Each structure stands twice: as C-alpha cells, then as structure tokens.
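Examining the three-dimensional arrangement
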Amino acid sequence: MGGCNPMMETLEEENLIAAARLILKALDSNKKITDEAKKILVDLGTRLSSMAEITVTEDEDEDGELSDIKGRINSIQEKIMNWEAEEAMIWDCDPEEAKEYLKAVDEARRLAESLESLNLSKDDNVHLRNVNAVVQTSMARIEEEFRHMLVHNRQNFEPEHLSFRSSEDDGLDENSIVSFGDDSIDDSVQRDSVSRGAEVYIMDLVNPQVIPDLKSIANLMFDSNYGRECSQAFINARKDALDDCLFILEVEKLSIEEVLKMEWVSLNSRIKRWIKAMRIFVRVYLASEKFLCEQIFGQGESVTVSSICFCESSKASILQLLTFAEAIAIGPHQPEKLLRILDMYEALADLMPDIEGLYSDDNGSYIRTEFQDVLTRVGDCVKATFIEFENAVGSNTSNSAFPGGGNHHLTRYVMNYIKTLTDYSDSLNACLKNPDQDSSSSPDTSPSYEHDTDNGNSSSSPMAFHFRSLMSILECNLEEKSKLYKDEALGYLFMMNNVHYMAEKVKTSELRTVLGDDWIRKRNWKFQQYAMSYERATWSSILNLLRDDGLSNSGSSNSTSKTLLRERLQAFYTAFEEIYKSQSGWSIPNSQLREDVRISMSLKVIQAYRTFVGRHANNISEKYIKHTADDLENFILDLFEGAPKSLHSFHRK
C-alpha cells in the first residue's frame, strides 16, 4: 500500500494514552501489586527511560551537526560569492585557484545533500535554500567556464599534412559526353587519384592540458544533477567547432536546390573537394571527436553520455556532407558525371565501416541509417548514369561522314572510358547488379548481343554484361556512320580502323579479362573481313585491267592488240592516280595495321603490274610505261597518312 496513514497513527497514539491512564488509575486504586505486575511495570519504565534518552541524544547530535553545517555554509558561500564578483574566467587567471573553486562547489553540493538528510524545522530550511542557491549560481559559472575552455582551446589542423588528396587537374572532359568531339578525349578520361583505405588518424581537437579540468567540471556538474546542462554546453561548442572544420576543408553549405542548379564545371571541382573532405572528416575529425568525448565524459558506465554528446555534436556536419551526395544522386544522370559519381560511391562505401564503428549504438542509429541510404541512392545513380551512357552512345548521330575514315571520337571516347571504368570493377558490379540477381548467376542476355556472352575466359559479372552490351551498341552505331560515306571502300576502311581499335584496346588492358579472348578473336576476324572488303571495293576493278582477257597472248604486233594494251595501261594509271589522290588523304592511325594493309596491297597490285608489263613488254613501247613497279610501291607508301596528295602525270624519259 505504501506510505503511513495519519489517521491510523493518531488512533494508535490515542489508544496508547488511554492504556497509560488505565494503568495509572489501577495503581491508585490497587495498593497491592503482584510480583509479575511489578516486573512488567519495571520493564515498561526502563523502555520509556531509554526512549527519552535516545530522543535527547538525537536532538543534541542534530543540533551539533546543523550548527557545524551552518558554519561551513557561511564560509563556502563567502568564498564562492567572492569568485563570482570576478568577471574574468577563473581558469584563465589561476588554474590552482580554479581547483580550489571546484572543491568549494563540490563541498557546497555535499552540504546540501547532508541538509536534505536532516529533519529540518521550518526555520532551518532557510539554510538548505541558501546552499542550493550557492550551488545553482556555481553551476551557471562552471558551465560558462566549461564552454569557454572548449572554445578557446581548440587546436587547428592542417589537412595537407595527410595523404587524403585528390587532384584538381585530372578528370573527365568538361564538355558533354553526348558530343564525343574533343580531340584530347584519350587523356581526359582519368580516375581521381584519391587515396583509399587510409587509416584513422586521431588528433587532439582540444588542448590536452585542459582535458583534466574539463573532465573535473563535467564530473561535478553530473554529480550535482546538472548533467543535461553540461552535455548541451559541450554539444553546442563542438557543433560549432566541427562546422569550422568543414570550412577549413572548403565544404560549402549548399541546399539540394543550389547543387542541382550548378554547372558541371563548378560541380566537378566541388565533388573532388567533397571526396577529400569526406575522408578527412570521418577518419580524422569524427574519430578525434569521439576520442575527445570519451576523454571528458569517460567510458564504462558513462559511455551513454559520451555517445550522446558525440552523436549530437557531429550530426549536423555529417548530414551536411550527406546532403551534397544526395543532391548529386537525385540530379540528372548525365554520362560525363559517371566517374565522379563512382568516386563518391567508393568514398562512401569505403567509409561505411568507419561510420558503423563510430556510431555503433542506438544513439548513432539515425546517422548509420542515413549514411547507408545515401550510399544506396548514389549506387542507384551510378547504374542509371551508366545506362544513360549506353543510351547516349546508341543515340549519337552524325550528319556527315567522319573525315579520312580513321578512329571516330565516339570509339576513342567509349573505349578509353570503359578502360578507366575497369578500375571501379567492384563498385560497378555492386551498382549494376540487379537487386533480385543471385551472385552466382549470370545476367540475362539480350538477343542483340547474346552471341558475345559466351566468351571462353570472359567474366560473367554485371559489369561484363553491360560492357558487352555497350560494345554491341557502339558497333551498331559505327555501322550506321559508315553508311554516310559516298565511297564504299572508305566505309569499309572506317569500320576496319574502328573495330581494330576496339580489339587492341581490349587486348592491351584489363578489359581483356572482362570481355575475354573470344571477344577479341571475333573482332580480329571482323576487322580482317572489313580489310578484305576494302581491298575488293578499291582494287578489284583496277586489277581487272591487268588481266589478259581479250588480249592476244601470241606476242604478235597486231596494232589492235597494241592499242588495247595501251588503253588498258593508261586506264590502270588513271585509276591508280585517282586512288592515290583520294586514299593518301584517308587514314589508318595504327602504324602496324597501316603497314599490313600496304603490304597486302603491294603483294596484289605490284605483283599483278609486274606480271602484266613483263608479259607484254614486246608490245608496249617504253614511252607508254608511265610508272615502274618501284614507283607504284613508293606511291603506296604514301597512302593512309591522312594528307591528300596528287601525282603529276609524267612520262619516263
């Protein structure tokens, strides 16, 4: 039932008094008392006497203790009020005096507890009120001193001293990927050189000399039931300090709307700074901030206080960083942003274990969840942006044929792009994986590129699947571009160059392990087919002029045969010179491929020419031999240099 019933106590006291009166009345009326009655009455008298002595002793003790407390209160109150009269910070003036101040406040706290344990009269309650007022005044002063020490003992940190660096000069071409038109595209697709997997670096965010004083103040405030005020003072001071840390790291406070309105050039540099800042902030500032909380508020039983202070002081800053990443994730999925977004994803994924360790308990669950959600959204953005990249490649159109039939900017861009993407294999596989796809199963294949998913030693990863798809999309686009050439032979040369470029890029890079040797063999076969088609389209008709069809093989000097020979030879020279004039301006950028095509042409054309001239030497006057076989061979060496030339007609002397 709990508590005493006043009515019951009153009733018991009245019964006790009534019983005593009955005893007295019986003693007055009964002069003779039995021995047993006498014994009971003696026991009763002894008990009453003891009770009276105890009451007197307790009253005397309480009076003595109260008197002592009153004296100590007056002394402490005088000391504390003297300190309160000083406007300067006590710890700034004299640390030793500050320790005395803490002792005095702690004594006042203990005296208040002692008074609360006494049965004070109404008059004596004034002393309890006085000492509580002293403690309250002291707590306000101590809280101010606590905050002052935290603010004025911050220690600056220079992030350049660590290896968390990102280059401001590398990265994607600043122009839109949709144009694919920058000649420097080979050098523009580079990965950011942010170091990953760096270790945590603990530093003193507050001068270590004041940590013992801060800890003493915190202990006293918590012992005095002012823990909430102490925690809030710490949180406010450190929240501002961490905000200044972001300023040092050049992180601006930007809303999602402001980020979405930014031009890519500006956004690109901010993403680089964000990646650097994120790593330093988590692995240096947050790790050091948690260490500071544990130093001041302790571990063990006080771990909850330390955890709450850490989570609350750091929440605003870490959420500011995550807001920027979220803005990037929900922004337009422009292909030129893909590498930067992958850098962001890898930074977040790399730091996720750190966040889980720093915010490991229930107090940090909100930040853990937010961090994981942003990581997921950035991963979704990576996938959407890559798919947009595929679409951009497929929809890239040209109104005119690519000059010279060399390696198209689109081909160079895409191949260098995906070559760089292989550096992000783990991240891309994580982002491109279908949510319901089992890790041991291969992605479904599409009919348009199904024949390329069976490569002998190729990967069956999500990234490999998408890369094969992209290669097929690129080839289809190039085939459409080849149809823009009026000269069919140049269209074949264009396809030969670009397919060969694709095969070489794969063969000489990590793409080989992704797409496989069978994929390379198929492209080698393809570009060889295009080379044969080029030769047929260019040289079949001219080689027909060097055939003996319709010519006499008897060696007679028949004027008709000679005339026909001269006409055939002149037609050959005219056709060859036209080929020279046009195809010296065509391009085969790869030197080995260019040499192979020239050798193949020489074997066919020069040999046919030598045979034709040699067979009909008796019927062809030397003055009609415009070029020797060596001349023609030298002319062939001028082809495919991308610089148009013309042969001036001349007759051999």
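Located above this text is the structure these notes cover.
The present account deals with the structure reproduced in this document. Throughout, a residue's number is its position along its own chain's written sequence, starting from 1. Per-residue local features are limited, in this predicted model, to residues with pLDDT of at least 70; the limit for side-chain atom pairs, both in listing and counting, is 80 or more; totals at the level of whole chains, interfaces and linings are taken over all residues. Only hydrogens and water are set aside when side-chain values are computed; all heavy atoms of the structure are taken into account.

Moving on to the overall build of the protein. Scanning the protein from terminus to terminus reveals 22 helices and zero strands. Exposure is judged per residue with a 1.4 Å probe applied to protein chains only, and the accessible area is read against the type maximum: over 50% gives exposed, under 20% gives buried, and values in between give partly exposed. Within the protein, buried positions represent 45% of all 653 residues. Residues count as neighbours in contact if any of their non-hydrogen atoms are within 4.5 Å of one another. Restricting the contact set of the protein to residue pairs at least 6 apart, pairs at least 24 apart contribute 82%. Every accessible area reported is derived by Shrake-Rupley at a probe size of 1.4 Å, with residue values counting cover from the shown protein chains alone. Of the roughly 33,800 Å² of accessible surface on the protein, 48% is carried by carbon and sulfur atoms. In DSSP terms, a helix is any run of H or I states spanning at least four residues, a strand is any run of E spanning at least two, and both are numbered starting from the N terminus.

Only the six-membered ring of Trp is used, alongside the rings of Phe and Tyr, when aromatic pairs are assigned; centres must lie within 6.5 Å, and planes under 30 degrees apart are stacked while those over 60 apart are edge-to-face, with the rest tilted. Using the criterion set out here, one finds 19 aromatic pairs in the structure. Ring geometry for Tyr413 versus Tyr417: centroids 5.5 Å apart, planes at 25°, classification stacked. Separated by four residues within a single helix, Tyr413 and Tyr417 lie in helix H14 (residues 409-421), roughly one turn from each other. The pair Tyr413 / Tyr417 is uniform in exposure class, with both members buried. Ring centres of Tyr580 and Phe635 lie 5.6 Å apart, and the angle between their planes is 65°; on these two criteria the pair is classed as edge-to-face.

Quick look at empty space enclosed by the protein now. With a 1 Å grid spanning the protein atoms alone, the term cavity applies to any set of points in which a 1.4 Å probe fits but cannot get out, the term pocket to an open set with protein on both sides within 12 Å along at least five of seven lines, and the term lining residue to any residue with an atom within 4 Å of a point. Grid points are joined across faces, edges and corners, and a volume is the space filled by probe spheres set on the points. Following the criterion strictly, the structure yields four cavities of 30 Å³ or more and no others. When its volume is computed, the largest cavity comes out at roughly 120 Å³. Every residue along the wall of the largest cavity is listed here: Glu250, Val251, Glu252, Leu254, Arg270, Arg273, Trp274, Gln320 and Phe324. If you list the elements that add at least two residues to the lining of the largest cavity, you get helix H10 (264-297) and helix H11 (303-330). Residue type decides the class: Asp, Glu, Lys and Arg count as charged, Ala, Val, Leu, Ile, Met, Phe, Trp, Tyr, Cys and Pro as nonpolar, and the leftover types, Gly among them, as polar. Residue composition of the lining of the largest cavity, by class: four nonpolar, one polar and four charged.

Every α-helix winds through 3.6 residues per turn, so residues three or four apart in the chain are directed the same way. Between the first and last C-alpha of helix H19 (residues 517-544) there are 39 Å, a value that for 28 residues agrees with the 40 Å anticipated at 1.5 Å per step. The term bend refers to the angle at a residue between two fitted axes, each drawn through seven residues, those ending there and those starting there. The largest bend along H19 measures about 40° and falls at Thr538. Multiplying 1.5 Å by the helix residue count minus one yields the expected span of that helix.

This part takes up unusual backbone geometry. One non-glycine residue, Asn225, adopts positive backbone phi at about 65°. By secondary structure assignment, the location of Asn225 is in the loop between helix H7 (211-223) and helix H8 (227-248). Unlike most non-glycine residues, Phe640 shows phi in positive territory, near 70°. Along the chain, Phe640 falls in the segment after helix H22 (629-636). Classification of Phe640 as buried rests on a relative accessible area of 1%.

Time to look at the environment of Ile217. Residue position: Ile217 is located in helix H7. For Ile217 and Cys230, which are 13 residues apart along the polypeptide, the C-alpha to C-alpha distance reads 8.5 Å. Once residues lying within four places of it in the same chain are set aside, the contact partners of Ile217 are Trp91, Leu102, Ile142, Phe146 and Met149.

With 21 residues, helix H12 (residues 338-358) ought to run about 30 Å at 1.5 Å a step, and its terminal C-alpha atoms sit 30 Å apart, in line with that. Met352 marks the point of greatest bend in H12, at about 40°, and the proline Pro353 comes within the next four residues. Counting buried positions over the 21 residues of H12 gives 16, a clear majority of the element.

Contact pair helix H20 (residues 559-583) / H22: the axes reach a minimum separation of 11 Å and the direction vectors enclose 20°. With respect to each other, H20 and H22 are oriented roughly parallel. Relative to H22, H20 is oriented so that their crossing is left-handed. Residues Phe572, Phe576 and Tyr580 of H20 pack against Leu632, Phe635 and Ile636 of H22. Of the residues belonging to the contact of H20 with H22, the class tally is six nonpolar, no polar and no charged. Think of each axis as a best-fit line through the C-alpha atoms, taken over the contacting stretch in the case of a helix, with angles from 0 to 180 degrees between the N-to-C directions. Relative orientations are named as follows: roughly parallel for angles under 35 degrees, roughly antiparallel for angles over 145 degrees, roughly perpendicular for angles from 65 to 115 degrees, and oblique for any other angle. The crossing is said to be left-handed when, going from far helix to near helix, the turn is anticlockwise and less than a right angle, and right-handed when the turn is clockwise.

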